[in-house]
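# Commentary on secondary and tertiary structure
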Amino acid sequence: MTAPQPMSATTPTPTPTGRRERKKAATRQKIADTALRLFLERGYEAVGIRDVAAEADVAVTTLFSHFAAKEALVFEQDDSFEQRLTQAVTDRAPDEPLIPALRREIHAMVRHCTADGSAPIYRMIDESRALREYEESMRLRHAESLATALVDDPGLAQSATACRTIARFVIDAYALAREAADPQAAVDEIFQMIEAAWKVA
């Protein structure tokens, strides 16, 4: 079962080239898909790590080699999203403005995470304190990573405080737009304010 994942990558993760890497990626995806199916069928709190491992036909140690915590199974593309967002800063063309590059990534992310099939996942997150807290800590980590990329960019003259502030705004734009009646329009509206704040900074 593959469904839209919270905080997922804006584009598919590149397919591993080596046989060992492909096998590892397939095992990870199998574990994540199995976990999500069980969580949605039985409820997040009712499913344990051993249940997921048994259903996915892997050892518990194998599961933990791919996912550090039970909560991470719900946010299985967490690292990929964080990487994509920082790459929007580091890999953009020399003449490409910063804010439009970040807006493009958030647009793609919101499109993916509001697709058909995503509502039950977010309902599950809203109903679980552990998942809500994990998502919040994840957002803070993503904001710090984005802020670091902004601070380290030699082409940007803004202060470290300005970079950290804008990074928080960008990460929060995802959560706010996701809950809006028209998510894509909300992204544009929020980024108008982000761009204005960045210019002032």
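### Looking at the overall build of the protein
- Check the secondary structure of the protein and you find 9 helices and 0 strands.
- Mapped in sequence order, the helices and strands of the protein form the string α-α-α-α-α-α-α-α-α.
- A compact globule built from 201 residues would reach a C-alpha radius of gyration of about 17 Å, and the protein, at 18 Å, matches this within 12%.
- Considered along the principal axes of its C-alpha atoms, the protein spans approximately 55 × 40 × 25 Å.
- In the protein, which comprises 201 residues, the proportion classed as buried is 46%.
- Nonlocal contacts in the protein, meaning residues at least 24 apart in sequence, comprise 74% of its contacts between residues at least 6 apart.
- Summed over all atoms, the accessible surface of the protein reaches about 10600 Å², with 51% contributed by carbon and sulfur.
- Averaging the coordinates of the 25 positive side-chain charges in the protein and doing the same for the 31 negative ones gives two points 5 Å apart.

### Brief notes about the environment of Gly155
- Topologically, Gly155 is positioned in the loop between helix 7 (129-152) and helix 8 (160-178).
- On the accessibility criterion, Gly155 (64% relative accessible area) is exposed.
- Along the primary structure Gly155 and Glu41 are separated by 114 residues, whereas in three dimensions their C-alpha atoms are 49 Å apart.

### Focus: the side chain of Ser128
- Following the sequence through the fold, Ser128 ends up in the loop between helix 6 (119-127) and helix 7.
- Residue classification places Ser128 among the buried residues on the basis of a relative accessible area of 2%.
- Within the local environment of Ser128, its side chain forms a polar contact with the backbone nitrogen of Leu131, the two atoms lying 3.2 Å apart.
- Those residues in contact with Ser128, other than ones at most four positions away along the chain, are Tyr44 and Glu45.

### Regarding the nonpolar core
- One finds Phe39, Val52, Leu102, Ile106, Val170 and Phe191 to be the most contacted residues of the largest nonpolar core, which totals 58 residues.
- Mapped by element, the contributors of at least two residues to this core are helix 1 (19-42), helix 2 (49-56), helix 4 (78-90), helix 5 (98-113), helix 6, helix 7, helix 8 and helix 9 (183-200).
- Broken down by element, this core gets its largest block of residues, 9 residues, from helix 8.
- Setting aside anything within four residues of it in sequence, one finds Ile106 in contact with Leu85, Val170, Tyr174, Val187 and Phe191.

### Considerations on the packing of aromatic side chains
- On inspection of all chains with the given rule, the structure shows 2 aromatic pairs.
- Measuring from centroid to centroid gives 4.9 Å for Phe39 and Tyr44, while their planes differ by 65°, and the two rings are edge-to-face. The residues Phe39 and Tyr44 share a single accessibility class, namely buried.
- Here the aromatic rings of Phe75 and Tyr134 are separated by 5.5 Å at their centres, their planes lie at 25°, and the arrangement is stacked.

### Re helix 4
- Relative to the 18 Å expected for 13 residues at 1.5 Å per residue, helix 4 spans 19 Å between its end C-alpha atoms, a close match to the ideal helical length.
- Those residues of helix 4 that fall on the buried side of the exposure criterion are Asp78, Ser80, Phe81, Glu82, Leu85, Thr86, Ala88 and Val89.
- At its buried positions, helix 4 is contacted by helix 5, helix 7 and helix 8.

Here is what the cut-offs are and how they apply
- Residues numbered from 1 in each chain as written.
- Predicted model: local features only at pLDDT ≥ 70, side-chain atom pairs only at ≥ 80, totals over all residues.
- Heavy atoms only, no water.
- Helix = DSSP H or I, 4+ residues; strand = E, 2+ residues; numbered from the N terminus.
- Rg over C-alpha atoms; globule rule 2.2 N^0.38 Å.
- Buried < 20%, exposed > 50% of the residue type's maximum accessible area, 1.4 Å probe, protein only.
- Contact = heavy atoms within 4.5 Å.
- Areas by Shrake-Rupley, 256 points an atom, 1.4 Å probe, with all protein chains shown as cover.
- Lys, Arg positive; Asp, Glu negative; His and termini not counted.
- Charge placed at Lys NZ, Arg CZ, Asp CG, Glu CD.
- Polar contact = N/O pair within 3.5 Å; in protein donor to acceptor, adjacent residues only side chain to side chain.
- Core = buried A, V, L, I, M, F, W, Y, C linked by side-chain atoms within 4.5 Å.
- Phe/Tyr/Trp six-rings, centres within 6.5 Å; stacked < 30°, edge-to-face > 60°.
- Expected span 1.5 Å × (residues − 1).

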